[in-house]
Amino acid sequence: MPLKLVALCVALLASVALLAGCESDEVKSAKENLNTEIERVESQMADLQPEIETAEALAQTEDAPLDETVIPSLESAISQAKTIEFTAPDTPSGLDEINAEIDNLKAIDYTADIQTLKDAEQVVNDSIAQMKQVTNPSEAFVIERLQGIEGIGDISAVTEDNDPNGQLGKSGGYTATVYFTSPLVDQSDVIGSTVIEKGTEGGGAIEVYANVDDANKRKDYLSAFDGGILSSGSHEVVGTVLVRTSDKLTASQQKELEAAIIEALTRLS
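Residues numbered from 1 in each chain as written. Predicted model: local features only at pLDDT ≥ 70, side-chain atom pairs only at ≥ 80, totals over all residues. Heavy atoms only, no water.

The subject of this paragraph is the side chain of R145. Examined against the element boundaries, R145 turns out to sit in helix α6 (residues 139–146). A polar contact of 3.1 Å, which involves the side chain of R145, links it to the side chain of E144. Apart from residues lying up to four places away in sequence, R145 is in contact with Q133, A264, L265, R267 and S269. (Helix = DSSP H or I, 4+ residues; strand = E, 2+ residues; numbered from the N terminus. Polar contact = N/O pair within 3.5 Å; in protein donor to acceptor, adjacent residues only side chain to side chain. Contact = heavy atoms within 4.5 Å.)

In structure tokens, the structure reads:
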């Protein structure tokens, strides 16, 4: 090959190499923006994985929540989070293609998915805390929470000396019982001179049990008298606590007072 032709080929190859190695500032900037977006999404993925692991551990907890539906809800959030995948794209050569890839990446944001997991975890943790709060709570706690509830008047806790049922502290019996009167009940129609003597008829009572089974057994026992002349009013178990309201209240008054009591007992504060 003539020397002139060789020189020409070398020059052309050098020119091509030089052109290939040159990028405009606009392309360089676009590639930097692309890398920034990739790093942002990868950072979110790095935050998502440990959050999934935290949620999975919580879903396996042995602590019982007050609301049994919160664990399935957490599991659903975990399943949804596990469907999220991300593979960083290759860097295109053209400016338009790079900008298009940047726009695609900007549309990706997993912060809401991470927050959904955190929120579901918080709901479970709160429900567990509520269950612990109403699992064999102290007499003092019950009295403190009853105070100030609209529809509740005088409050009095039973002792072994004045317990009308004689079950305080006994196996299967309540560990505490707190009776209360209600201004919604005409007290002149209720037999007894003290809050405890008036019993549930005067307004209602909170019976505390050592475990859920004992509380449910008591509820089942009272349910046998519902609708009859021996009906003792409404009765609902929350945790190991049996919330009772007077049969002298209307059905709507029973529901409203029961709901207010349960809210007070389970309020986290």
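Our next topic: unusual backbone geometry. Phi angles above zero are rare outside glycine, and N136 is one such case at about 50°. Mapped onto the secondary structure, N136 falls in the loop between α5 (111–133) and α6.

As a further point, take the environment of G202. Tracing the backbone shows G202 in the loop between α7 (195–198) and β3 (203–209). Assessed through its relative accessible area of 0%, G202 is described here as buried. Along the backbone, G202 and D189 are 13 residues apart, and their C-alpha atoms lie at a distance of 8.9 Å. Excluding residues that lie within four positions of it along the chain, G202 makes contacts with F180, T181, S182, V185, Q187 and V190. (Buried < 20%, exposed > 50% of the residue type's maximum accessible area, 1.4 Å probe, protein only.)

Applying the stated rule across the entire model yields 10 salt bridges. R40 serves as the salt-bridge partner of E37, at 2.9 Å between the closest nitrogen and oxygen. One end of the pair, E37, and the other, R40, are both in helix α2 (residues 25–59), three residues apart, so they sit about a helical turn from each other. On the basis of relative accessibility, which here comes to 13%, the residue E37 falls in the buried class. For R40, a relative accessible area of 25% gives the class partly exposed. By sharing partners, the salt bridges in this structure join E207, R218 and R244 into a single network. (Salt bridge = Lys/Arg side-chain N within 4 Å of Asp/Glu carboxyl O.)

Side-chain direction in a regular strand flips from residue to residue, so the side chains alternate between the two faces of the sheet. Burial runs high along strand β5 (residues 241–245): five of the five residues are buried. Along β5, one buried face is formed by V241, V243 and T245 and the opposite face, lined by L242 and R244, is buried too. Bridge count for β3 against β5 is five bridges, and the pairing is antiparallel. Counted as the bridge partner of I206 is V243 from β5. As judged from the five bridges shared by strand β4 (residues 234–238) and β5, these two strands associate in the antiparallel manner. Across the sheet, the residue bridging to V238 is V241, located in β5. In this antiparallel pair of consecutive strands, β4 and β5, the connection spans two residues, and G239 shows a positive phi of 70°. (Pairing = 2+ DSSP bridges.)

As a further point, take helix α9 (residues 251–266). One turn of an α-helix holds 3.6 residues; hence residues three or four places apart share an orientation. Helix length check: α9 (16 residues) gives 22 Å between terminal C-alpha atoms against 22 Å at 1.5 Å per residue, within 8%. Buried residues of α9: Q254, L257, E258, I261, A264, L265 and T266, and no others. Looking at the buried side of α9, the elements it contacts are α5, α6, β2 (174–181), β3, β4 and β5. (Expected span 1.5 Å × (residues − 1).)

Turning to α6, its buried residues number three or more, namely F141, V142, R145 and L146. Burial along α6 is one-sided: seen end-on, the buried residues are contained in an arc of 130°. Buried-residue contacts for α6 involve α5, β1 (155–157), β2, β3 and α9. Downstream of α6 by a residue or two, G148 has a phi angle that is positive, lying close to 90°. (Arc of directions from axis to C-beta.)

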